[in-house]
Amino acid sequence: MIKEIVAKIRTKGPELEEWIQGRQGVAPPPVTLSTDIRNAGFKISVVDTNIYPAGFNNLCETFSENASKAFARYFEKYHPEIKHIHIYPEAHTRNEFYQENLKALVRILSAAGFETTVGLELRRADLILMNNDLSSGYPEELKALSIPVIPSPLLGWHSRRKSIHFQIYGDLIREVAALLEIDPWLLTPLSTVESAIDLGSTTCLDRLQQSADQLLREIRIKYQQYGIRQEPYLFVKNNSGTYGLGVLPIDSGAELLQLSSRLRKKIEYAKGGRPVTELLFQEGLQTIDLYEGKPLEPVVYLVGGTPVGTFFRYHDERNERQNLNAPGMRFSCVCYHQTDHAEDLFTVCDLVARIASVAATLEMGYVPK
């Protein structure tokens, strides 16, 4: 199926580029963005989008150079006056992997020609680059600034919702699918969202079971349409959160009625201890991509809406159906030529990542000001 999609993408290249530029509109795309992508063989899609990515250290030397050039182009176009960029980081500065991300980001921006500083204590600068997902809220000191702060703090997890992102992403995919003359389901996961969550309430659990089973029925119909013999499953996700927290795979709605206290706490746990009030049920995509026998998923990094590099997330202790964004995950700049469908995978990943970037731009119209 991927080869057929790639053939259509290459045939429609100019029209796709015109569409992306047209849908982007006049608003600048997020300066930074990453997408987690799952390739099930019969379909491929973005399954998560992060506007404040924390893995720049996982980009290889070539991809880091791409990022520097893209940053230079972005700031020349949208903020030509700036010379000094201050990175506003996450508070968990003792996390050694996150520290490596910050060091890499400083190197990339410095190579682009900018004086670059880092810290929660704000310094005199021309622009603040957010590398903090603001799960705990929008800091007052940022609201009072007279200089640009990008990506917008309004898109932090204090207000952003995954369901809104995937609603917009799905609408955009339908437009692209019409252009490519393919089923939009091949490039997007089916999903639904449930609010007013109380996992201690039998009434709430019954509602969640019915919602999950209805979504599974819809997926099963698509499987029958395409002759897919495996059973569908779902990821239950916190509708507002990151770091893979609160993610649980289920095969049926009945599993929600039988949750152990440990699994219930897993779903309810969010970064910063914030309560989980909404759950996203998202079609599970079983990855077919492996690295040394371990399941992996591509992670595409974008700067200003332009893909600058890809690496792979993999996990020694997870299977191909599970969430790989979990403690114990590892990253590798495995070249695409080391996979069975190298160039094809790269082509589709870049397209869906760019569409996710457009969706993130359009999300600004949905967040409270």
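Reading guide: rules and limits
Residues numbered from 1 in each chain as written. Predicted model: local features only at pLDDT ≥ 70, side-chain atom pairs only at ≥ 80, totals over all residues. Heavy atoms only, no water. Helix = DSSP H or I, 4+ residues; strand = E, 2+ residues; numbered from the N terminus. Rg over C-alpha atoms; globule rule 2.2 N^0.38 Å. Buried < 20%, exposed > 50% of the residue type's maximum accessible area, 1.4 Å probe, protein only. Contact = heavy atoms within 4.5 Å. Areas by Shrake-Rupley, 256 points an atom, 1.4 Å probe, with all protein chains shown as cover. Lys, Arg positive; Asp, Glu negative; His and termini not counted. Charge placed at Lys NZ, Arg CZ, Asp CG, Glu CD. Core = buried A, V, L, I, M, F, W, Y, C linked by side-chain atoms within 4.5 Å. Pairing = 2+ DSSP bridges. Axes fitted to C-alpha atoms, helices over the stretch in contact; angles between N-to-C directions. Expected span 1.5 Å × (residues − 1).

Draft legend 1. Region of the structure containing the overall build of the protein. For the protein, the helix and strand inventory stands at ten helices and 14 strands. Since a compact globule built from 369 residues should have a radius of gyration of about 21 Å, the 20 Å found for the protein is in line with a globular shape. Expressed as lengths along the three principal axes of its C-alpha atoms, the size of the protein is roughly 55 × 50 × 40 Å. Residues counted as buried form 55% of the 369 residues belonging to the protein. If you take every contact in the protein between residues at least 6 apart in sequence, the share linking residues at least 24 apart comes to 71%. For the protein, the computed accessible surface area is about 16300 Å², with 50% contributed by carbon and sulfur atoms. A gap of 2 Å separates the mean positions of the 40 positive and 45 negative side-chain charges of the protein.

Draft legend 2. Structural view of the nonpolar core. Ranked by internal contacts, the top residues of the largest apolar core, which has 74 residues, are Y169, L208, F281 and V348. Element by element, the count of residues in this core is highest for helix 10 (residues 342-362), at eleven residues.

Draft legend 3. Here's a closer look at the sheet that holds strand 5 (residues 127-131). Pairing is parallel in the open sheet, where four strands are placed in the order 4-3-5-6. Where the open sheet ends on each side, the last strands, each with one partner, are strand 4 (115-118) and strand 6 (149-150). Pairing between strand 3 (residues 84-89) and strand 4: four bridges, direction parallel. If you follow I85 over to strand 4, its bridge partner there is T116. Those strands touched by helix 4 (residues 96-111) are strand 3, strand 4 and strand 5, and its axis lies near 165° from that of strand 3.

Draft legend 4. Expanded view of helix 3 (residues 61-78). Its 18 residues give helix 3 an end-to-end C-alpha distance of 26 Å, which sits within 8% of 26 Å, the value for a rise of 1.5 Å per residue. Looking at helix 3, one finds that the buried residues are F63, S64, A67, S68, A70, F71, Y74 and F75.

Draft legend 5. Broad picture of unusual backbone geometry. Between I150 and P151 the backbone carries a cis peptide bond, its omega angle lying at -15°. In this structure, L134 takes a positive phi of about 55° despite not being glycine. Position of L134 among the secondary structure elements: in the loop between strand 5 and helix 5 (140-143). Judged by relative accessible area, which is 3%, L134 ranks as buried.

Draft legend 6. Main features of the sheet that holds strand 7 (residues 191-194). The strand order across the open sheet built from four strands is 7-10-8-9, with neighbouring strands paired in antiparallel fashion. A strand with exactly one partner marks an edge of an open sheet, and here the two such strands are strand 7 and strand 9 (247-250). Each neighbouring strand pair of the sheet contributes to a mean axis angle of 20°, computed without reference to strand direction. Here strand 8 (residues 234-238) pairs with strand 9 via four bridges, running antiparallel. Pairing of F235 across the sheet is with P249, part of strand 9. Across the sheet, helix 6 (residues 162-180) is in contact with strand 7, strand 8 and strand 10 (279-283); its angle to strand 10 comes to roughly 40°. Where helix 7 (residues 202-226) meets the sheet, it contacts strand 7, strand 8, strand 9 and strand 10, and its direction lies at approximately 20° from that of strand 10.

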